[in-house]
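# Structural characterization, general
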Amino acid sequence: MPVVRRRQIYLVGFMGSGKSSVGALLAGRLHWPFIDLDTTIEAGQGLNIRQIFENAGEPFFREIERAALAEASKTEPAVIALGGGTFAQRANLDFIQETGGRTVWLDCPADELRRRCAGITTRPLFRDAESFAQLLAERLPYYQRAEYRVSTAVREPLEVAEQILELEIF
Ligand code: S3P
């Protein structure tokens, strides 16, 4: 762990865990800037995430995601909502930990995640129930490396944001 901790909260978790909605509410409560990594990527490319995957593939997406993370890390204080795969890239996990950001995993059971993502067409990595479950299983060991874990299963985003405010981060 780095000696200097920064006033940055990174929200980590699978698609549908509530990173964007909780992040916006948390930043509002703190009066801190909010950065949604997927939104900054889309703005930078002038394309939505699905189009980026379709046009250039996942490896390219991971490259620009890495660059977007490096850029986002320059803002302090900040609440930063990561994409579902960001923290599951070892280099990103190391970068966030080394730069002193606080990490909070928004944990949610697979069934609930699947329910929330069903019918949404903007997530290229959401194909079918089986691959969804497999991807989640692959990602869990990374999410478990976050410093804090908050359950979002039966909670509204505002309650989750309030729970994060009660952590001994601030
Ligand atoms: C991804 C999750 C998405 C987005 C991209 C890849 C993933 O973010 O970054 O589609 O690898 O799980 P959300 O978690 O905000 O859906």
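This section reports on the structure supplied with the text. (Residues numbered from 1 in each chain as written. Predicted model: local features only at pLDDT ≥ 70, side-chain atom pairs only at ≥ 80, totals over all residues. Heavy atoms only, no water.)

## Details of the pairing of strand β4 (residues 102-107)
What counts here: The rule is simple: take the accessible area with a 1.4 Å probe, protein chains only, and divide by the maximum for that residue type; under 20% is buried, over 50% is exposed, in between is partly exposed. A helix here means a DSSP run of H or I that spans at least four residues, while a strand means a run of E at least two residues long, and both kinds are numbered starting from the N terminus. Any two strands with at least two DSSP bridges between them are considered paired.
Burial within β4 is extensive, with six of its six residues counted as buried. Pairing of strand β1 (residues 8-12) with β4 involves four bridges; the strand directions are parallel. Within the sheet, the bridge partner assigned to Ile9 lies in β4 and is Arg102. Taken together, the four bridges between β4 and strand β5 (residues 148-151) define a ladder with parallel strand orientation. By the bridge assignment, Val104 is partnered in β5 with Tyr148.

## Description of the site of the ligand
Cut-off, in case you're wondering: Residues are labelled near a given molecule or strand when at least one of their non-hydrogen atoms is within 4 Å of it. Any pair of N or O atoms that falls within 3.5 Å is considered a polar contact. Within protein, one atom must be able to donate a hydrogen and the other to accept it, and sequence-neighbouring residues count only if both atoms are side-chain atoms. Computed with a 1.4 Å probe, the accessible areas rest on the Shrake-Rupley method; for each residue, only the protein chains presented here act as cover.
Near the ligand lie 13 residues; those nearest to it are Lys19, Asp38, Arg62, Arg123 and Arg139. Interatomic distance of 2.6 Å between a side-chain N/O atom of Arg62 and an oxygen atom of the ligand. Interatomic distance of 3.4 Å between a backbone N/O atom of Gly85 and an oxygen atom of the ligand. About the coverage of the ligand: the protein hides 95% of its 390 Å² of free accessible area.

## Comments concerning the packing of helix α3 (residues 49-72) against helix α4 (residues 90-98)
Condition: Lines fitted to the C-alpha atoms define the axes, with helices restricted to the stretch that makes contact. Angles between their N-to-C directions range from 0 to 180 degrees. Any angle from 65 to 115 degrees is called roughly perpendicular, while one under 35 is roughly parallel, one over 145 is roughly antiparallel, and all others are oblique. For this analysis, residues touch if any pair of their heavy atoms sits within 4.5 Å. Note on residue classes: Ala, Val, Leu, Ile, Met, Phe, Trp, Tyr, Cys and Pro are nonpolar, Asp, Glu, Lys and Arg are charged, and everything else, Gly too, is polar.
Two elements in contact, α3 and α4, have axes whose closest approach is 11 Å; the angle formed by their N-to-C orientations is 5 degrees. It follows that α3 is roughly parallel to α4 by the angle criterion. Of the residues in α4, those in contact with Glu65, Arg66, Leu69 and Ala70 of α3 are Ala91, Asn92, Phe95 and Ile96. Looking at the contact of α3 with α4 residue by residue, the classes come out as five nonpolar, one polar and two charged.

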